[in-house]
Amino acid sequence: MAAPDAPTADRSHGDPLEMPALCPGAMAASKPYPASPAMQTALGFPGQLVEDWHDKAIARLGELVNGSRALRVYLDSCVKCGACTDKCHYFLGTGDPKNMPVARQDLLRKVYRRHFTLAGRYVPWLVGAEDLTEAVLADWVSYFHQCSQCRRCSVFCPFGIDTAEISMAARDILDTIGLGQKYSNEIIGKVFKIGNNLGLPPKALKNTLESLEDDIEEDTGVRVELPLNREGADILLVTPSADFFASPHMEGLIGYAKVLHEAGVSWTFSSYASEAANFGMFIGSTDTMQKVALRIRKAAEDLKVKRLVFGECGHAWRVAYNFLNTLAGPLDFLDPAYPIPQHICEFTLDLIERGKLRLDKSKNDAIRLTFHDSCNVARASRMGDEPGGQFEIPRAVLRAVCNHYFDMAPETTREATLCCGGGGGLLTDELMDLRLKGAQPRMRALREVADEHGVTHMAAICAICKAQFSKVLPKYGFDMEGIVSVHQMVSNAIVLTGSKQAEELDAAHGVASTAS
Amino acid sequence: MATVVYAALFYLATVAFVGGLAVRIAQFARTPTPLRIPTTPAPTTRTGAGLRVASEVVLFQSLFKSNKWIWLFGWIFHVTLALVLVRHLRYFLQPVPTAVALVQPYGLLFGLVMTGALVALLSRRFLVPRVRYISQVSDYLLLGLLLLIALSGLTLNAVARTDIVATKAFCLGLMRFDLQPLPTDSALLVHLMLVAALMIVFPFSRLLHAPGVFFSPTRNQADNAREKRHAPPARLEAVVKRA
Ligand code: SF4
Ligand code: SF4
Ligand code: SF4
């Protein structure tokens, strides 16, 4: 059977979860660029493949298994029931059997069995145990970088086996023996050196924020501040650095600023922690993740803020929500009256519900919208007080700011959401083929609502999702600008007190403007 | 002769089963959980998380979401297996408790249904290419072993009945270290041999999923990271302290 062709407009139609035929080896050639020696050593890893890589790898695997119950239980407990085999978007998009979650786990499990289990030591052929050969190592580099750590498989496994945990462990081992991935390690290096993933220095950041202030003023007539390093502000806002930089992220950032302005709170960005994302998670290194997380704590302490709010970023929110308190806490110097940390969507919805925001939904009338549940928000964190708040809160915000909202098929949203195809450290050009194919299920789900309800735009709350969709939407016959930030929608609809828009609206309603 | 061999075999199997499982469970329990990783949406309390695990154990909730066929066969197999095991308690308990007596008349039915489910699970392994791809020799062998145990048990139940009173005396004797003669029907000897084999391989195979399901952090952790700090391992905590 032939490998599925590269995505075309034709591949964008059909059942999002359609089962592909098995195409062994179809994606064996997909590999990330290796990290340079300088990138490796900056993170404390060996510069290149170490001589005794085999023994080092096995030793590291042993350490990891002893240090993580999840890893140990998951390597020991899989019964090969097959329930997860059709749950990974990379399998659905490529048909490569090694992209079935259990088969991906087996790449590590077979080596674990060989070295750490009785059966694997004495009767390897019986239990599928294998030595760590160069071929196996090549498979690790290839297929553990075809997992976006989206956890969709974990939802459907009877034991909750989370392939993301296994991919993280495998990447940790690869780093330990000198085979790091360029994309993630280079970016982490930039965070350590400059403070954000994009390597945007404080000066450039300051300029960017000022020019955004000008833009907003020109647009609305209101000077909305985007403060940087303001000591003593109430709130430290931490966002993915893409928000300072590219579309549609920036429009989202403008949305946060307008909301915070209308809320009347004092807030600030930090140049030291000008990055919400934490790529330490992607490479499975808890130590690196902790170093990055501690920057946020330090910024919060230095700026003497009382609250911590995070912008739209999937993996960042997972780390913030679930890990920050553990890795950099207790954050008991913050005000316990507010969630620590709080998601910007929680912040905004609270204002909306209390009637503090004036919203003109009609400003979004040209848009027929759907929502992509970013997987790390959906399956690895929460918003609000109730389980599932991470699904309802962003939708409630969107429904409050636009008139035409439609959900995609239930088997592709909420806890069953399909990854964008670019998460988990895969958002790099050399993996574009994989990214396109991995996006196929989501693109088909989008196509369904586009055909059925005339949906024109999809909102997301993750910087990686947004960047990935900007790239893949055109390949599936959609407009590149069809991907929007949730707070971009808020920004469109929000009517700032004293703004031109407020005047117009008041005039239209025949009410005397309060501003004049 | 058979009596001594089988008695020795069962003592060995019990030691391997209980000892092996105890070691593996202790290993699971001792291994730290550095981070909070429940698959969300998840219950926000520990009681809720306990209920979530219970619904996985009793109803196979995630599997139900995942694939109705695997769920059906898998669930039926486990339930009938449990019922058959309860029924077998009558060989070890005197007097026989009511619950055990209650399932007594349905042994044949349970056995047949269980065998059907096992055949279905084994066929899936052969017939579905995705499942065949991920199956190892041991996966077929374990299912084969269970199937043979079921078939020999059915034979004992319906075709070649053995001396049940003597069998029970043997079992009770084993527990009291007072050996009683074991009937030597071949079906019984095969049945017991295979059961002992299953007990021995249990802790060393993927049958470890039985304790594993209780230790899975994505299922048994409560989703309360913001409310309650999940303390990290000492190594990471030391770094925070220094910071
Ligand atoms: S669903 Fe879970 S137990 Fe079943 S094959 Fe996949 S990882 Fe293994
Ligand atoms: S975590 Fe996501 S990408 Fe990785 S194997 Fe599971 S479904 Fe696939
Ligand atoms: S980038 Fe978005 S969709 Fe993709 S894995 Fe991350 S959160 Fe999920």
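Structure shown above.
Computed from a predicted model, the values in this text were never measured in an experiment.

K.L.:
Let's hear about the interface of chain A and chain B: which residues, and what values?
P.N.:
Facing 83 residues of chain A, the contacting portion of chain B comprises 62 residues. With both sides pooled, the region where chain A packs onto chain B buries about 5,800 Å², and carbon together with sulfur makes up 56% of that total. Viewed at the interface, chain B and chain A are joined by six salt bridges. Between D287(A) and R235(B) there is a salt bridge, with the nearest N and O atoms lying 2.6 Å from each other. One can count 42 residue pairs in polar contact (both at pLDDT 80 or more) joining chain A with chain B.

K.L.:
Summarise the packing of helix 3 (residues 69–77) of chain A against helix 5 (residues 101–116) of chain A; cite the residues concerned and give the values.
P.N.:
Residue and element names in this part refer to chain A. Close contact between helix 3 and helix 5 brings their axes to 10 Å; oriented N to C, the two are set at 90°. Relative to helix 5, the element helix 3 is oriented roughly perpendicular. Of the residues in helix 5, those touching helix 3 at L71, R72, Y74, L75 and D76 are L108, R109 and Y112.

K.L.:
How would you explain the site of ligand 3 if you had to name every residue and give the values?
P.N.:
Near ligand 3 the following residues occur: S148(A), H315(A), H372(A), S374(A), C375(A), N376(A), C419(A), C420(A), G423(A), C462(A), I464(A) and C465(A). Its residues assigned to classes, the shell around ligand 3 comprises six nonpolar, six polar and no charged.

K.L.:
Quick rundown of the pairing of strand 1 (residues 235–238) of chain A? Include the residues and the values.
P.N.:
Residue and element names in this part refer to chain A. Neither face of strand 1 is open: one carries I235 and L237, the other L236 and V238, and all of them are buried. When strand 1 meets strand 2 (residues 267–268), the two strands line up parallel, connected through two bridges. Opposite I235, over in strand 2, you have W267 as the bridge partner. Of the crossover connections in this fold, the one passing from strand 1 over helix 13 (residues 249–263) to the parallel strand 2 is right-handed.

K.L.:
Help me get a handle on the pattern of salt bridges, residues and values and all.
P.N.:
Per the stated rule, a full pass over the model turns up 39 salt bridges over all chains. Note that E415(A) is salt-bridged to K65(B), the shortest N-O span being 3.0 Å. Of the two residues, E415(A) is situated in the loop between helix 18 (389–401) and helix 19 (432–438) and K65(B) in helix 3 (residues 61–66); the pairing between them involves two chains. Judged by its relative accessible area of 34%, K65(B) falls in the partly exposed class.

K.L.:
Lay out the packing of aromatic side chains in plain terms, naming residues and giving numbers.
P.N.:
We describe a pair of aromatic rings using the distance from one ring centre to the other and the angle between the two ring planes. Residues and elements named next belong to chain A. By the definition in use, this model includes 16 aromatic pairs over all chains. With centroids separated by 5.2 Å and ring planes inclined at 80°, the aromatic side chains of F244 and F269 adopt a geometry described as edge-to-face. Taken together, the residues F244 in the loop between strand 1 and helix 13 and F269 in the loop between strand 2 and helix 14 (286–302) connect sequence positions 25 residues apart. Of the two residues examined, F244 and F269, each falls in the buried class. An aromatic cluster of at least three residues, connected via ring pairs, comprises Y183, F279 and F282. Sitting over the ring of Y338, R307 keeps its end group 3.5 Å from the ring centre.

About the cut-offs
Residues numbered from 1 in each chain as written. Chains lettered and ligands numbered in written order. Predicted model: local features only at pLDDT ≥ 70, side-chain atom pairs only at ≥ 80, totals over all residues. Heavy atoms only, no water. Contact = heavy atoms within 4.5 Å. Buried area = accessible area lost by both parts, 1.4 Å probe. Salt bridge = Lys/Arg side-chain N within 4 Å of Asp/Glu carboxyl O. Polar contact = N/O pair within 3.5 Å; in protein donor to acceptor, adjacent residues only side chain to side chain. Axes fitted to C-alpha atoms, helices over the stretch in contact; angles between N-to-C directions. Helix = DSSP H or I, 4+ residues; strand = E, 2+ residues; numbered from the N terminus. Parallel < 35°, antiparallel > 145°, perpendicular 65-115°, else oblique. Near = heavy atom within 4 Å. Nonpolar A, V, L, I, M, F, W, Y, C, P; charged D, E, K, R; others polar. Buried < 20%, exposed > 50% of the residue type's maximum accessible area, 1.4 Å probe, protein only. Pairing = 2+ DSSP bridges. Right-handed = clockwise from strand over helix to strand, strands pointing away. Phe/Tyr/Trp six-rings, centres within 6.5 Å; stacked < 30°, edge-to-face > 60°. Lys NZ or Arg CZ within 6 Å of the ring centre and 35° of its normal.

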